[in-house]
Amino acid sequence: MKKLKRIFDKITHGVLFTSSMVTSVTVLLVIVFLFKEGIGLFNQTAVENHVVVVVNSANSVHELTSKQVKDIFNQDITNWKEVGGQDLEITTRSIDDLAGQFTEEELGTDMVNLPTLIDQYISDNPGVIAYFPDTYLKKDFRSKKIPLAKISVKEFISGVEWYPTSQPAAVYGAWPLILGTLWVSLGAILLALPIGLITALYMAEVAGQRLRNMLKPVVELLSGIPSVVYGFFGLVVLVPLIQRLFKLDVGETALAGSIILAIMSLPTIITIAEDAIRTTPRALKEASLALGASHWQTMTRVTIPYAKSGIIAAVILGIGRAVGETMAVLMVTGNASVIPHTFLEPVRTIPATIAAELGEAPFGGTHFKALFALGIILFIITFIFNMLVETVKTKKV
Amino acid sequence: MSDHKVEVKNLDLYYNDFHALKNINFTAEAKTVSAFIGPSGCGKSSLLRMFNRMNDLIDGTRFTGEVFVDGQDIYEKNIDVDGLRKNVGMVFQKPNPFPKTIFENVAYGLRVNGVKDKHFIEKKVTEAIKQAALWDEVKDKLKKSAMELSGGQQQRLCIARALAVEPALILMDEPASALDPISTGKIEDLIFELKNQYSIIIVTHNLQQAGRISDFTAFFYMGELVEWNKTKTIFTNPTDIRTQNYITGRFG
């Protein structure tokens, strides 16, 4: 009997140990995977694998950034002197343009002649810049390959343009996305904080037992609504309302995202803040009241200071929830990757970008890795918020 | 009008269905110490909490009868409850200092009652701490957290906190029950001192304590005020058999 008990104890211990280890290892693996994929971006150039960018050998330009390449092919830059070369007009040629210049006869079967033709064409035109797969690169190629600078961490974070599908070189500048995320979250917090705290205070301190018993389930119900439903509500109700109210061309704005996020983070803020406020010992409140303090004075001078760390934790967790939220924001913010200047402009957040673009990014390509790098940034932002919660929580009077 | 410090007339108190106080009639005079004694749950604390309307904070309380403090019906409709509570100080069973500095604990009552003058607050705080016989122990650490004090010191701080707003009446709900004998002795000495200036009503479980410090003693049993008289009389010559039994330690 005693032996059986001991075996049972051992088994329980083993099961508990395994499950906790499995959980921890899984979490760690996810993070390792995220970082492995994301960091892979930074030893690559923004050109797709096996594509080369080529200019005439007489061209004095030796290196271009992805942004310059993008601008050249968008005809925003039309002369080589703008990128440090001689005064010469730029002609751009994609692989389709190149192949289209020749007849099928000239190309031969399976386009066997194309490498020679390309080589000839580029040698003949000093102002040309072209890109094509490196299989069409002739062996003794006479023109000059332009190496693109590797994507740098600094460029990735501080770059202001996000053109992941631009050809031949994508531009990954996450700054508008980071700002978009922070703007939407900041707006959400500005809205949710006062409302959430006042509600929590009301529920914990003012409302009677019966009203509280009614309010609390309603608030908790709010957190049970799927985020896509919030997004739907936002798209159908909120967006047109904002459009009409502020007389905008489009209602999909940072403001719409902030409002939806505020509603979504309210339950977190209210529930945690209310619990914190209710931990204030009754004896302290009575002591305050017994000294002639009013209910209000007791709240502001005793209850709130006592619950301060819990309230701050509630706020930070609320923000954390808002920063990572994807679906609802994706649906109502308009997803324009530009740096926002007011709350009434469309913005794009990091989670929304990842969700929207992952499906079309070729597996393992630079775009794919860039999205993972965005994931790292998001992870770091939320990680900072969580660390803040921990430090605030442990700082008790 | 009456010239008693505290007067209770035909008071019945209920917590929901529980009849906590049954037809209480009681008076206390100025500058005396009255002790409420009786077994647990006899209603003595409930009566004490009637005098500064602390029972208002508990859901489901209702009462009939009248309570006067300084001749004023404190349950009258337009009464200023905060003002009443400033005038009737309270010391609780367990020391409950605020998680603030020692100085701020004592200054709290003044601040919430609208005192802004820094020098006045400083003077009052010093006076109150001295009165509570705590000055020598804390004078060098007024800016330190009150939570660093010992239990007995904390309780004297709570008394200082109550004294700082100069109440006319001080209620003490078993103020020494959570303290060691030495701290208890200090609190008793303090009460003895305070009697010269304040009216005090103290709830206590400790019969010797009641005998040592009080002028009048009221014995409560099952929500009734069984007997109430000069302390000496209660302890030497009680009229009711229940008082006699309690005092001689037959129950309670």
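Just above, that's the structure.
An account of the accompanying structure is given in this report.

Thresholds applied
Residues numbered from 1 in each chain as written. Chains lettered and ligands numbered in written order. Predicted model: local features only at pLDDT ≥ 70, side-chain atom pairs only at ≥ 80, totals over all residues. Heavy atoms only, no water. Helix = DSSP H or I, 4+ residues; strand = E, 2+ residues; numbered from the N terminus. Buried < 20%, exposed > 50% of the residue type's maximum accessible area, 1.4 Å probe, protein only. Contact = heavy atoms within 4.5 Å. Lys, Arg positive; Asp, Glu negative; His and termini not counted. Charge placed at Lys NZ, Arg CZ, Asp CG, Glu CD. Rg over C-alpha atoms; globule rule 2.2 N^0.38 Å. Areas by Shrake-Rupley, 256 points an atom, 1.4 Å probe, with all protein chains shown as cover. Pairing = 2+ DSSP bridges. Axes fitted to C-alpha atoms, helices over the stretch in contact; angles between N-to-C directions. Buried area = accessible area lost by both parts, 1.4 Å probe. Salt bridge = Lys/Arg side-chain N within 4 Å of Asp/Glu carboxyl O. Polar contact = N/O pair within 3.5 Å; in protein donor to acceptor, adjacent residues only side chain to side chain. Nonpolar A, V, L, I, M, F, W, Y, C, P; charged D, E, K, R; others polar. Parallel < 35°, antiparallel > 145°, perpendicular 65-115°, else oblique. Left-handed = near helix turned anticlockwise from the far one by under 90°. Bend = angle between axes of the 7 residues up to and from the residue.

1. Observations concerning the overall build of chain A
The number of helices and strands found in chain A is 16 helices and 6 strands. The dimensions of chain A, computed from C-alpha atoms along their principal axes, are 95 × 75 × 35 Å. The buried share among the 397 residues of chain A stands at 46%. The long-range share in chain A, meaning contacts at least 24 apart out of those at least 6 apart in sequence, stands at 70%. Averaging the positions of the 33 positive and the 33 negative side-chain charges in chain A gives two centres separated by 20 Å.

2. Let's talk about the overall build of chain B
Counting its secondary structure elements, chain B contains 10 helices and 10 strands. For chain B, the C-alpha radius of gyration of 18 Å lies close to 18 Å, the compact-globule estimate for 252 residues. Here the analysis covers contacts within chain B between residues at least 6 apart in sequence; of these, 67% occur between residues at least 24 apart. Here chain B has roughly 11,400 Å² of accessible surface; of this, 48% comes from carbon and sulfur atoms.

3. A few points about the sheet that holds strand 2 (residues 91-93) of chain A
Residue and element names in this part refer to chain A. With respect to topology, 4 strands assemble into an open sheet ordered 2-3-1-4, the strand pairing being mixed. Edge positions in the sheet fall to strand 2 and strand 4 (144-145), since each of these pairs with one other strand and no more. When strand 1 (residues 51-55) meets strand 3 (residues 128-133), the two strands line up antiparallel, connected through 5 bridges. Looking at strand 3, one finds that Val51 is bridged to Pro133. Packed onto the sheet, helix 5 (residues 114-124) meets strand 1, strand 2 and strand 3 and runs at close to 165 degrees relative to strand 3.

4. What about the environment of Asp215(B)?
Residues and elements named next belong to chain B. Secondary-structure assignment places Asp215 in the loop between helix 8 (207-213) and strand 9 (216-221). On a C-alpha basis, the gap between Asp215 and Ala178 in space is 23 Å, while along the polypeptide they are 37 residues apart. Apart from the residues within four sequence positions on either side, Asp215 is in contact with Thr32, Val33, Lys195, Lys230 and Thr231.

5. Things to note about the interface of chain B and chain A
How big an interface is tends to be reported as the loss of accessible area on association of its parts. The partner chain A presents 18 residues to the 24 residues of chain B that form the contact. Around 1,800 Å² of area is buried between chain B and chain A when both sides are counted, 61% of it from carbon and sulfur atoms. Of all residues in chain B, Pro99(B), Tyr108(B) and Val112(B) bury the most surface against chain A, accounting for 28% of the area lost on that side. At the boundary of chain B with chain A, the tally comes to 1 salt bridge. Glu286(A) is paired through a salt bridge with Arg49(B); the nearest N and O atoms lie 2.8 Å apart. For the interface between chain B and chain A, the tally reads 7 residue pairs in polar contact (both at pLDDT 80 or more). Where the side of chain B that touches chain A is concerned, the elements lending two or more residues are helix 2 (81-87), strand 6 (88-91), helix 3 (102-112) and helix 6 (151-164) of chain B. For the side of chain B that touches chain A, the element with the most residues is helix 3 of chain B, which contributes 4 residues. Its residues placed into classes, the side of chain B that touches chain A shows 13 nonpolar, 4 polar and 7 charged.

6. Comments concerning the packing of helix 8 (residues 209-222) of chain A against helix 10 (residues 254-278) of chain A
All names here are of chain A. Here helix 8 crosses helix 10 at 140 degrees, and the two axes come no closer than 8 Å. Accordingly, the angle class assigned to the pair helix 8 and helix 10 is oblique. Read as a crossing pair, helix 8 and helix 10 show a hand that is left-handed. Residue-level inspection shows Arg212, Lys216, Val219, Glu220 and Leu222 of helix 8 in contact with helix 10, the latter providing Ile263, Pro267, Ile270, Thr271, Glu274, Asp275 and Arg278. For the contact of helix 8 with helix 10, the residue count by class is 5 nonpolar, 1 polar and 6 charged.

7. Examining the pattern of salt bridges
Considering all chains together, one arrives at 23 salt bridges over all chains under this definition. The closest approach of N and O atoms between Asp136(B) and Lys139(B), which form a salt bridge, is 3.9 Å. Ionic contacts of the salt-bridge type, sharing partners, join the residues Arg212(A), Lys216(A), Glu274(A), Asp275(A) and Arg278(A) into one network.

8. A closer look at unusual backbone geometry
Negative phi characterises most residues that are not glycine, and trans characterises most peptide bonds. All names here are of chain B. Phi is positive for Ala133, which is not a glycine, with a value near 55 degrees. In this fold, Ala133 is placed in the loop between helix 4 (118-131) and helix 5 (135-138). Positioned with a positive phi, Glu174 is a non-glycine residue whose angle comes to about 45 degrees. Position of Glu174 among the secondary structure elements: in the loop between strand 7 (169-173) and helix 7 (181-194).

9. Examining helix 9 (residues 227-245) of chain A
Residues and elements named next belong to chain A. The largest bend in helix 9 comes to about 40 degrees, at Gly234. Where helix 9 is buried, its residues contact helix 8, helix 10 and helix 14 (327-332). Backbone geometry just downstream of helix 9 places Lys247 in the positive-phi region, at approximately 50 degrees.

10. Here we look at the pairing of strand 1 (residues 6-15) of chain B
All names here are of chain B. Across 8 bridges, the pairing between strand 1 and strand 4 (residues 61-69) is antiparallel. Bridge assignment links Tyr15 to a residue of strand 4, and that residue is Thr61. The pairing of strand 1 with strand 2 (residues 18-28) spans 7 bridges and is antiparallel. By the bridge assignment for strand 2, Tyr14 is matched with His19. With antiparallel pairing between neighbouring strands as the criterion, strand 1 and strand 2 make up a hairpin whose turn holds 2 residues, including Asn16 at a positive phi of roughly 50 degrees.

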